[in-house]
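Fold and geometry: a report
These are the residues of each chain, in order.
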Amino acid sequence: MSVDEDDKGYIAIGEAVISHIFNGAEITRDSLLDTLRHTADEAVDERRILRIREAEQLLKGASPSGDESMS
């Protein structure tokens, strides 16, 4: 399996986390979802959009305690 077939959105989540770190932003489930939505709106590659949507679903399924700061 290639990374692309097996990542299930985890790479998109990692990219969102790294973006938050570089911007000095607080990392919360909601802030990551906002970043993923913004990224999906700007993406043109259908596979990338699919991976971002998978990432959103993973985060939406996270426990409510994920709303607290993860940093």
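In what follows, the accompanying structure is described. (Residues numbered from 1 in each chain as written. Predicted model: local features only at pLDDT ≥ 70, side-chain atom pairs only at ≥ 80, totals over all residues. Heavy atoms only, no water.)

**Focus on the overall build of the protein chain**
- On a plain count of helices and strands, the protein chain comes out with four helices and zero strands.
- Listed by position from the N terminus, the elements making up the protein chain come as α-α-α-α.
- Across the 71 residues of the protein chain, 31% fall into the buried class.
- Considering only intrachain contacts with a sequence separation of at least 6, the fraction spanning at least 24 residues in the protein chain is 62%.
- Total accessible area on the protein chain stands at roughly 4700 Å², and carbon and sulfur atoms take up 54% of it. (Helix = DSSP H or I, 4+ residues; strand = E, 2+ residues; numbered from the N terminus. Buried < 20%, exposed > 50% of the residue type's maximum accessible area, 1.4 Å probe, protein only. Contact = heavy atoms within 4.5 Å. Areas by Shrake-Rupley, 256 points an atom, 1.4 Å probe, with all protein chains shown as cover.)

**Things to note about the packing of helix α2 (residues 10-23) against helix α3 (residues 29-42)**
- Between α2 and α3, the shortest axis-to-axis distance is 10 Å and the interhelical angle comes to 110 degrees. By the criterion of interaxial angle, the relationship of α2 to α3 is roughly perpendicular. Contacts between α2 and α3 pair Ala 12, Ala 16, Val 17 and His 20 from the former with Ser 31, Leu 32, Thr 35 and Leu 36 from the latter.
- Grouping the constituent residues of the contact of α2 with α3 by class yields five nonpolar, three polar and no charged. (Axes fitted to C-alpha atoms, helices over the stretch in contact; angles between N-to-C directions. Parallel < 35°, antiparallel > 145°, perpendicular 65-115°, else oblique. Nonpolar A, V, L, I, M, F, W, Y, C, P; charged D, E, K, R; others polar.)

**Thoughts on helix α4 (residues 46-60)**
- With 15 residues, α4 should cover 21 Å at 1.5 Å per step; its first-to-last C-alpha distance of 21 Å lies within 8% of that length.
- Residues Ile 49, Arg 51, Ile 52, Ala 55, Glu 56 and Leu 59 constitute the buried set of α4. Burial along α4 is one-sided: seen end-on, the buried residues are contained in an arc of 160 degrees. For α4, exposure combined with an orientation more than 90 degrees from the buried face picks out Glu 46, Arg 47 and Gln 57. (Expected span 1.5 Å × (residues − 1). Arc of directions from axis to C-beta.)

**Quick look at the pattern of salt bridges**
- With the rule as written, the count across this model stands at four salt bridges.
- With its nearest N and O atoms 3.0 Å apart, the salt bridge here joins Arg 37 to Asp 34. Of the two residues, Arg 37 and Asp 34 both sit in helix α3, three residues apart, roughly one turn of that helix.
- Between Arg 53 and Glu 56 there is a salt bridge, and its shortest N-O distance comes to 3.0 Å. Of this pair, Arg 53 and Glu 56 both sit in helix α4, three residues apart, which is roughly one turn of the helix.
- For Arg 53, a relative accessible area of 34% translates into the label partly exposed. (Salt bridge = Lys/Arg side-chain N within 4 Å of Asp/Glu carboxyl O.)

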